[in-house]
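Survey of secondary and tertiary structure
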Amino acid sequence: MVNQNLKTQLSQLLNSLCFALDIAENRYFNHSRRTAYIAYNIAKEMGLNKDDVANTYFASLIHDIGMAGHLARYTIMDIHKYMTLKKEHCHYGYEILASLPIDKNIKDYVLYHHEQWDGLGPYGLKGDEIPLVSQIIHIADFFEIYYLRKLEATGDDQNLNTIDSAKIWISKYANNLFKKDLCDTFISLLDKEKFWFDLNFRNIEQVLELIEPVEDVYIDMDDLYKISETFSKLIDYKSKFTYEHSQGISNIAHYFATFLGYDLLMVNKLTIAANLHDIGKMVVPLSILEKPGKLTQAEFQIIKSHPYYTKLILKQIEGIEDIAEWAGNHHEKLNGRGYPEKLNGSRISREDEIIAIADIYQALTEDRPYRKGLEPLTAINKMIEMANRGELSKEIINDFKHFICNSEVLV
Ligand SMILES: [Fe+2]
Ligand SMILES: [Fe+2]
Ligand SMILES: [Fe+2]
């Protein structure tokens, strides 16, 4: 049992995950947010009870969570075109959500969000066998991708005919993709000018802040620890070259922090920071992450954004500001030559350095496409050279050397 000295709101965590999903490579900006808005309004229009409306909102906010990890390489269009990918992202999303401390129905809603009324969806559920919330997410998701995006691409979204053409468009799918009643409810929403104004990219974030269901559900340190483990795998599985990178760092950070005498709470917070330190890599294109040769300056500039996004994503969650700092500062250097904030020694904490050192050691000792991983002592010697150049503190490298030499787990 981990020290419980942490309380953070689950809705903030889901929001920050939704943000990470929407800014990730191959995804549509604000897709999850707009899907959540549409689904929420359909649920309200149908008169669902308060809990079901809230579940509809949160399930649609993270309905595409299964598009992360090894599926990150596929575009949204590909995932929706091929039935195997459709099924895979639903199933993967279900598995990820099973490890989160959320209402257990939510994972089922996500599992079945591509089922069709006529039974031709990935799991073959038919008609009312499909959970209603899944049906709602499906129609909202479908409309967001295939109608709104196309409308915006043609620049026709201010056209007064839009409402009529949207109604005709959605009616075509009654009784095949969607239940007729659901289409009718949706069509009644389309008459409201507010519905269209709210969906504008410039407004959607503020609009969601106004409608977000009040959910006083908090997660504790144990939950956050488990969530961070799940996410470390999602981050690692994006590329075959990093398939155990975050998990390796988390191992090192855990044992090194223990070696340094930190209490259990701090050890766990540092391990969580290690698990999440590369979450910003969701934004970096795979073609850059997996490029075998030397990166161009422009490509390196993009790589440099990943700790920036790590901090931006994690700072959305109140109560873990310190974890967000340590995770986001893992490429800063004591001499001010790191990135992305060019912090210098006085602004870099010991905890920042622990994550940075774990990252450097793991990177040096793991195999890369163009070289084999270094032996532990060779890696340490390289790190001593870095300390001599003023990049890392000599004192902590010294501690790290003792730790590695005495560690049966890591050597
Ligand atoms: Fe989906
Ligand atoms: Fe979607
Ligand atoms: Fe990194």
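Residues numbered from 1 in each chain as written. Chains lettered and ligands numbered in written order. Predicted model: local features only at pLDDT ≥ 70, side-chain atom pairs only at ≥ 80, totals over all residues. Heavy atoms only, no water.

1. Section: the packing of aromatic side chains
So the rule is basically this: Each Phe, Tyr or Trp ring, with Trp reduced to its six-membered ring, pairs with another whose centre is within 6.5 Å; inter-plane angles below 30 degrees give stacked pairs, above 60 give edge-to-face pairs, and intermediate values give tilted ones. The numbering of helices and of strands both runs from the N terminus, where a helix is a DSSP run of H or I of at least 4 residues and a strand a run of E of at least 2. For every residue, the accessible area (1.4 Å probe, protein chains only) is compared with the maximum for its type, and the residue is labelled buried under 20%, exposed over 50%, or partly exposed between those bounds. Think of it as a cone above the ring: NZ of Lys or CZ of Arg counts as a charge over the ring if it is within 6 Å of the ring centre and within 35 degrees of the ring normal.
This structure, assessed with the given rule, holds 25 aromatic pairs. Measuring from centroid to centroid gives 5.0 Å for Phe 142 and Tyr 146, while their planes differ by 45°, and the two rings are tilted. Remark: Tyr 146 and Phe 142 occur in helix α7 (residues 132-154); sequence separation between them is 4 residues, near one turn of the helix. Between Tyr 308 and Tyr 309 the ring centres are 5.0 Å apart and the planes differ by 75°, which places this aromatic pair in the edge-to-face class. For Tyr 309, a relative accessible area of 22% translates into the label partly exposed. If you follow Arg 34 out to its NZ or CZ, it ends over the ring of Phe 201, 4.3 Å from the centre. Looking at Lys 87, its charged tip hangs above the ring of Tyr 123, at a distance of 4.8 Å from the centre.

2. Overview of the nonpolar core
If you look at soluble globular proteins, the nonpolar side chains tend to sit buried side by side. So the rule is basically this: Put simply, a nonpolar core is a bunch of buried Ala, Val, Leu, Ile, Met, Phe, Trp, Tyr and Cys residues held in one set by side-chain atoms that sit within 4.5 Å of each other. All domain edges in this entry derive from an automatic or database-based domain assignment. What makes two residues a contact is simply this: any of their non-hydrogen atoms within 4.5 Å.
Within the largest apolar cluster, 115 residues are counted, with the highest numbers of intra-cluster contacts made by Ile 38, Phe 143, Phe 186, Phe 195 and Phe 400. Of all the elements, α7 adds the most residues to this core, at 10 residues. The residue makeup of this core includes at least three contributed by each of domain 1 (9-211) and domain 2 (221-406). Those residues in contact with Phe 186 that lie beyond four places of it in its chain are Ile 38, Ile 42, Ile 139, Phe 143, Ile 170 and Phe 195.

3. A look at the domain arrangement of the protein chain
It is common to give the size of an interface as the accessible area that goes away when the parts come together. This is how the line gets drawn: Buried area is a sum: the accessible area each of two parts loses on coming together, probed at 1.4 Å, counted once for each and added. Here, a salt bridge means any Lys or Arg side-chain nitrogen found within 4 Å of an Asp or Glu carboxyl oxygen. In the scheme used here, Gly and all other residues not listed as nonpolar or charged are polar, with Ala, Val, Leu, Ile, Met, Phe, Trp, Tyr, Cys and Pro taken as nonpolar and Asp, Glu, Lys and Arg as charged.
Looking at the protein chain, the domain boundaries give domain 1 (9-211) and domain 2 (221-406). Centre-to-centre, using C-alpha coordinates, domain 1 lies 35 Å away from domain 2. Taken together, the contact pairs 21 residues of domain 1 with 20 residues of domain 2. Taking both partners together, domain 1 and domain 2 bury about 1900 Å²; carbon and sulfur atoms supply 71% of that area. If you sort the residues of domain 1 by the area they bury against domain 2, Gln 12, Glu 25 and Arg 73 come out on top, with a joint share of 26%. If you look at where domain 1 meets domain 2, you find 2 salt bridges. Note that Arg 73 is salt-bridged to Glu 290, the shortest N-O span being 3.8 Å. Here the element with the most residues in the side of domain 1 that touches domain 2 is helix α1 (residues 10-23); it accounts for 8 residues. Residues that form the side of domain 1 that touches domain 2 fall into these classes: 14 nonpolar, 5 polar and 2 charged.

4. As for the coordination of the iron ion (ligand 1)
Heads up, the condition is: Note that water is not among the atoms considered, so a metal site may appear incomplete; the donors listed are N, O and S atoms within 2.8 Å of the metal, with 3.2 Å applied to Na, K and Ca. Under this scheme a four-donor centre is tetrahedral when all angles range from 85 to 135 degrees, a four-donor centre is square planar and a six-donor centre octahedral when opposite donors are above 155 degrees with the rest from 65 to 115, and any other centre is irregular.
For the iron ion (ligand 1), the protein coordination sphere consists of Asp 64 (OD), His 89 (NE2), His 113 (NE2) and His 114 (NE2), at 2.2 to 2.5 Å. Around the iron ion (ligand 1), the 4 donor atoms are arranged such that angles at the metal cover 83 to 175°; this shape is classified as irregular. Coordination of the iron ion (ligand 1) draws on donor residues from a single chain, spaced D-x24-H-x23-H-H in sequence. Separating the iron ion (ligand 1) from the iron ion (ligand 2) is a gap of 3.9 Å, which Asp 64 spans by donating to each of them. In this pair, His 89 is assigned in helix α5 (residues 83-98) and His 113 in the loop between α6 (104-111) and α7, connecting sequence segments 24 residues apart. Given the relative accessible area of 0%, His 113 is considered buried.

5. Points about the coordination of the iron ion (ligand 2)
Every protein donor of the iron ion (ligand 2) is listed here as His 31 (NE2), His 63 (NE2), Asp 64 (OD) and Asp 141 (OD), and their distances to the metal cover 2.1 to 2.3 Å. The coordination sphere of the iron ion (ligand 2) comprises 4 donor atoms, whose angles at the metal cover 77 to 173°; the geometry is irregular. Counting along the primary sequence, the residues that act as donors to the iron ion (ligand 2) give the motif H-x31-H-D-x76-D. For His 31, a relative accessible area of 2% puts it in the buried group.

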